[in-house]
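# Reading the structure
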Amino acid sequence: MRALLTSGALSMAFTLFLTPLFIRLFRRLQWGQFIRDDGPQSHHAKRGTATMGGIVVILGTLFGYFTALLLTGDETSVSALLVLFLMVGLGIVGFIDDFLKTRRERSLGLTGWAKVAGQVVVATVWAFLAIRFPNGNDYTPATMSVSFIRDLPAIDFGAITKFGVIGVLVGYGLYLIWINFLVAATSNGVNVTDGLDGLASGASILAIGAYIIIGFWQSIQSCANVKLSVENVAKCYDVRDPFDLAIVATAIVGAVVGFLWWNTSPAQIFLGDTGSLALGGAVAALAILSRTELLLILIGGLFVIEAGSVIVQRAYFKLSHGRRIFLMSPIHHHFELKGWAEVTVVVRFWIIGGLLVAAGVGSFYLEWLAT
């Protein structure tokens, strides 16, 4: 418990007090935000605001997590390191994109396919690592099953690998496709949401905060917990390192809370793709390793809505030969153009995201009650 609280406090202190130093450094390096020409006109006033704030969030997370373990004498786990691996890996992809934007002095960095390629490389390496490293109970960090609140035996790609060489190729192929889909969908969902001051940061705090609760509860009700009461044995969770997942989630939340102090309207620094892709990767990793993949539809519901609005807008635009459903996508820009103040859009979207997160955590707990 001390590591849980300490990691959050240290990471928050890091970003809260040191972000101004990074803002000055990034301005000196001329790492300023470039605004898309077809975006809302009000956003052009934000041109030049320090970007790549994801660097601060990542460093704050690493500092809070590892320093907390050092102070408390606890050991890290493979699961927690995998969360950090995916977060940092996608953060590097985002950094390359942000860096190219600042060098070219345009709002275009990596091409769409180049960004996807980077995400695929990171996610594929991560996927192979996640099904290795079994512990004493033979639990690996991830499994080859699709999960909702627990693994779904009916959708187990690992079972396919038992049918010879073809089965191995098909089973692992489907598993890699599934993990890549989850990672790309979640990271790009957060990336799309990062269009207003504090919107993606606040929504990420809510979503990742849910995994603090989930990880803590899974650790109490873990099948490996020797103190588990007899009447709850049938309800236990076979997650490899649930409490460590809660600790790393707390470190991330603490870092983003401290960062949000400077990122809220009017923002003095933006997450950039460095931060949005990194936070999306963290959300995806926590969902996969806690065996709550499909629950992301609720916990990451705001990201689903934001990304969905872009997909629907583009599809309708092509099918209708130039007509639009929204004034502009992602959907937060639609409400801006309807006359809502930016801070109004952000707070109302936080409320929607919070309600969806509450529904996700509530569903998680109700499943335990019903088991």
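This write-up is about the structure you can find in this document. For every chain, the first residue of its written sequence is number 1, and the numbers climb from 1 along that sequence. Whole-chain, interface and lining totals are the exception, using all residues; otherwise, since this is a predicted model, local features are given only for residues with pLDDT of at least 70 and side-chain atom pairs are given and counted only at 80 or more. Processing note: side-chain calculations cover all non-hydrogen atoms of the structure and skip hydrogens and water entirely.

### Here's the deal with the state of the cysteines
Any pair of cysteine sulfurs within 2.5 Å is marked as a disulfide. Counted under the stated rule, the structure contains one disulfide. Between the sulfur atoms of C223 and its disulfide partner C236 the distance amounts to 1.9 Å. Judged by the sign of its S-S torsion, about 85°, the bond between C223 and C236 is right-handed. You can see C223 sitting in the loop between α7 (199-220) and α8 (242-263) and its partner C236 sitting in the loop between α7 and α8, a full 13 residues away along the chain. Under the scheme used here, helices are H or I runs from DSSP no shorter than 4 residues and strands are E runs no shorter than 2 residues, and both carry numbers assigned from the N terminus.

### Concerning the packing of aromatic side chains
Note on aromatic contacts: the rings of Phe and Tyr and the six-membered ring of Trp form a pair at centre separations within 6.5 Å, being stacked when their planes are under 30 degrees apart, edge-to-face when over 60 apart, and tilted otherwise. According to the stated counting rule, one finds 13 aromatic pairs in the structure shown. With a centroid separation of 5.4 Å and an interplanar angle of 35°, the aromatic rings of F14 and F63 are classed as tilted. Taken together, the positions of F14 in helix α1 (residues 2-28) and F63 in helix α2 (residues 54-72) put the pair 49 residues apart, joining distant regions of the chain. Any residue under 20% of the maximum accessible area for its type is buried, any over 50% is exposed, and the rest in between are partly exposed; the area is computed with a 1.4 Å probe on protein chains only. Residue F63 is classed as partly exposed on the basis of its relative accessible area, which comes to 35%. Both rings, one in Y365 and one in W368, keep their centres 5.9 Å apart while their planes meet at 20°; by these two values the pair is stacked. In this pair, Y365 and W368 both sit in helix α13 (residues 342-370), three residues apart, roughly one turn of the helix. By relative accessible area, which is 8% here, W368 ends up buried. Clustering of aromatic rings is evident, with ring pairs tying together F14, F22, F26 and F63.

### Overview of the nonpolar core
Definition used in this section: a nonpolar core is a set of buried Ala, Val, Leu, Ile, Met, Phe, Trp, Tyr and Cys residues joined via side-chain atoms within 4.5 Å. Membership of the largest hydrophobic core comes to 94 residues, with the highest contact counts inside it found for W126, Y175, Y211, L279 and L289. Sort the elements by how many residues they give to this core and α8 lands first, with 13 residues. Residues within four places of L279 in sequence aside, it is in contact with V57, M87, V190, S204, I208, I252, V256 and L271. Working rule for contacts: check all heavy atoms of both residues, and any pair within 4.5 Å makes them a contact.

### A look at the side chain of S147
Along the chain, S147 turns up in strand β1 (residues 145-147). Note on S147: relative accessible area 0%, which makes it buried. A distance of 3.4 Å separates the side chain of S147 from the backbone nitrogen of T292, its partner in a polar contact. If we skip the residues at most four places from it in the chain, S147 touches L152, R291, T292, E293 and L294. Here a polar contact means two N or O atoms within 3.5 Å. Within protein one must be a hydrogen donor candidate and the other an acceptor candidate, and residues neighboring in sequence count only if both atoms are side-chain atoms.

### Here we look at the layout of surface pockets
When its volume is computed, the second largest pocket comes out at roughly 210 Å³. Among the elements that take part in the lining of the second largest pocket, α8 stands out by supplying three residues, more than any other. Residues are grouped as follows: Ala, Val, Leu, Ile, Met, Phe, Trp, Tyr, Cys and Pro are nonpolar; Asp, Glu, Lys and Arg are charged; all remaining types, including Gly, are polar. A breakdown of the residues in the lining of the second largest pocket according to their chemical character gives five nonpolar, five polar and three charged. Method remark: on a 1 Å grid restricted to protein atoms, a set of points is classed as a cavity if a 1.4 Å probe fits but cannot get out and as a pocket if it is open with protein on both sides within 12 Å along at least five of seven lines; lining residues have an atom within 4 Å of a point. Grid points are joined across faces, edges and corners, and a volume is the space filled by probe spheres set on the points.

### Here's the deal with the packing of helix α4 (residues 112-130) against helix α6 (residues 164-193)
To get an axis, fit a line to the C-alpha atoms, keeping to the stretch in contact for a helix; angles then go from 0 to 180 degrees between the N-to-C directions. Where α4 contacts α6, the axes come no closer than 9 Å and their chain directions differ by 125°. Here α6 runs oblique to α4, going by the angle between their axes. Judged by the sense of rotation from one axis to the other, the crossing of α4 with α6 is right-handed. For the pair α4 and α6, contact is made by K115, Q119, V120, A123, T124, W126, A127, F128 and A130 and by Y172, Y175, L176, I179, N180, V183, S187, N188 and N191, respectively. In the contact of α4 with α6, the residues fall into eleven nonpolar, six polar and one charged. Orientation categories follow fixed angle ranges, with anything under 35 degrees roughly parallel, anything over 145 roughly antiparallel, 65 to 115 roughly perpendicular, and all other angles oblique. What makes a crossing left-handed is the near helix being turned counterclockwise from the far one by less than a right angle; a clockwise turn instead makes it right-handed.

### What about the pairing of strand β2 (residues 151-156)?
Relative to β2, β1 runs antiparallel, the two being bridged by two bridges. Considered in β2, the bridge of S145 is made with D156. Between any two strands, pairing holds if DSSP finds at least two bridges. If you look at the hairpin formed by β1 and β2, you'll find three residues sitting between the two strands.

### Brief notes about the environment of F349
Of note, F349 is situated in helix α13. Measuring from C-alpha to C-alpha, the distance between F349 and H332 comes to 8.2 Å, with 17 residues separating the pair along the chain.

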